[in-house]
Amino acid sequence: MSHSSNVALMAIAMGVDVGIDVEETHADIEYLDLAERFFSQSEYRAILASPAEDRILSFYRCWTGKEALVKAIGEGLSIPFDSFSISVGREASQVIKMNSEQKASTHWTVRQIDVGRRYRGSLAYEGEERKVTCLDWNCSNLKL
């Protein structure tokens, strides 16, 4: 489960490890500094190579993808973000590289989850591409 501001995401799966993350986007953060400091060099270079108007979204796709992946592996932030690489593109992506001492499989899929304009979300799961069903629930009409 993950939440940011007014959005929460939950991933439920049978027989496969999953992780999920959501972040509210903020245009005023020093995302290139964060990417250079915490991401792998290939990810940082990919963000810089993105069109200028897409760089911040590439950063958030990478950030949420990495968060979702370490949650799925079950070791949280004990896995340094610069020790593995994922694609920063819009498509589903395979993990490119993980250090051999990590208990992680090298076959992980990271998918982007559409959660609206101000948010970026990612889902990570072990194995190849598979069917994912997303349900949207809005509690604004709920009376307490």
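Residues numbered from 1 in each chain as written. Predicted model: local features only at pLDDT ≥ 70, side-chain atom pairs only at ≥ 80, totals over all residues. Heavy atoms only, no water.

**Some words on the packing of helix α1 (residues 31-38) against helix α3 (residues 55-73)**
When two helices pack together, you describe them by how their axes are tilted relative to each other and by the distance separating the axes.
And step 1. Where α1 meets α3, the closest approach of the two axes is 10 Å, and the angle between their N-to-C directions is 40°. Classified by the angle their axes make, α1 and α3 are oblique. Here the hand of the crossing between α1 and α3 comes out left-handed. Contact with α1, carried on its side by Y31, L34 and A35, involves R55, I56 and F59 of α3 and no other residues of that element. (Axes fitted to C-alpha atoms, helices over the stretch in contact; angles between N-to-C directions. Helix = DSSP H or I, 4+ residues; strand = E, 2+ residues; numbered from the N terminus. Parallel < 35°, antiparallel > 145°, perpendicular 65-115°, else oblique. Left-handed = near helix turned anticlockwise from the far one by under 90°. Contact = heavy atoms within 4.5 Å.)

**Things to note about a nonpolar patch on the surface**
And step 1. On the surface, M1, M10 and I12 cluster together to form a nonpolar patch covering roughly 420 Å² of accessible area.
And step 2. Position of I12 relative to the elements: it lies in the loop between β2 (7-9) and β3 (18-24). (Patch = residues over 30% accessible without salt bridge, like charges linked within 9 Å, V, L, I, M, F, W, Y side chains within 5 Å. Areas by Shrake-Rupley, 256 points an atom, 1.4 Å probe, with all protein chains shown as cover. Salt bridge = Lys/Arg side-chain N within 4 Å of Asp/Glu carboxyl O.)

**Side note on the layout of surface pockets**
And step 1. Its volume calculated, the largest pocket comes out at about 1200 Å³.
And step 2. Along the wall of the largest pocket there are 32 residues; nearest its centre are A8, L9, M10, L135 and D136.
And step 3. Put simply, the parts of the chain that give the lining of the largest pocket at least two residues each are β2, β3 and β8 (119-126).
And step 4. Classifying every residue of the lining of the largest pocket by side-chain character gives 22 nonpolar, five polar and five charged. (1 Å grid on protein atoms, 1.4 Å probe; cavity = no way out; pocket = protein on both sides within 12 Å on 5 of 7 lines; lining within 4 Å. Points joined across faces, edges and corners; volume = space filled by probe spheres on them. Nonpolar A, V, L, I, M, F, W, Y, C, P; charged D, E, K, R; others polar.)

**Some thoughts on the nonpolar core**
And step 1. In terms of nonpolar packing, the biggest core is built from 22 residues, with F39, F59, L69 and F84 touching the most fellow members.
And step 2. Counting residues per element, the ones that place at least two in this core are α1, α2 (41-49), α3 and β7 (108-113).
And step 3. It is α3 that provides the largest number of residues to this core, a total of nine residues.
And step 4. When neighbours within four sequence positions are excluded, F59 is seen to be in contact with I29, Y31, L34, A35, F39 and I47. (Core = buried A, V, L, I, M, F, W, Y, C linked by side-chain atoms within 4.5 Å. Buried < 20%, exposed > 50% of the residue type's maximum accessible area, 1.4 Å probe, protein only.)

**Some details on the pattern of salt bridges**
And step 1. Overall, the coordinates contain three salt bridges when judged by the stated rule.
And step 2. Of the charged contacts in the structure, one is a salt bridge between R118 and E24, with a shortest N-O distance of 2.7 Å. One end of the pair, R118, is in the loop between β7 and β8; the other, E24, is in strand β3, and 94 residues separate them in sequence.
And step 3. The class for R118 is partly exposed, based on a relative accessible area of 46%.

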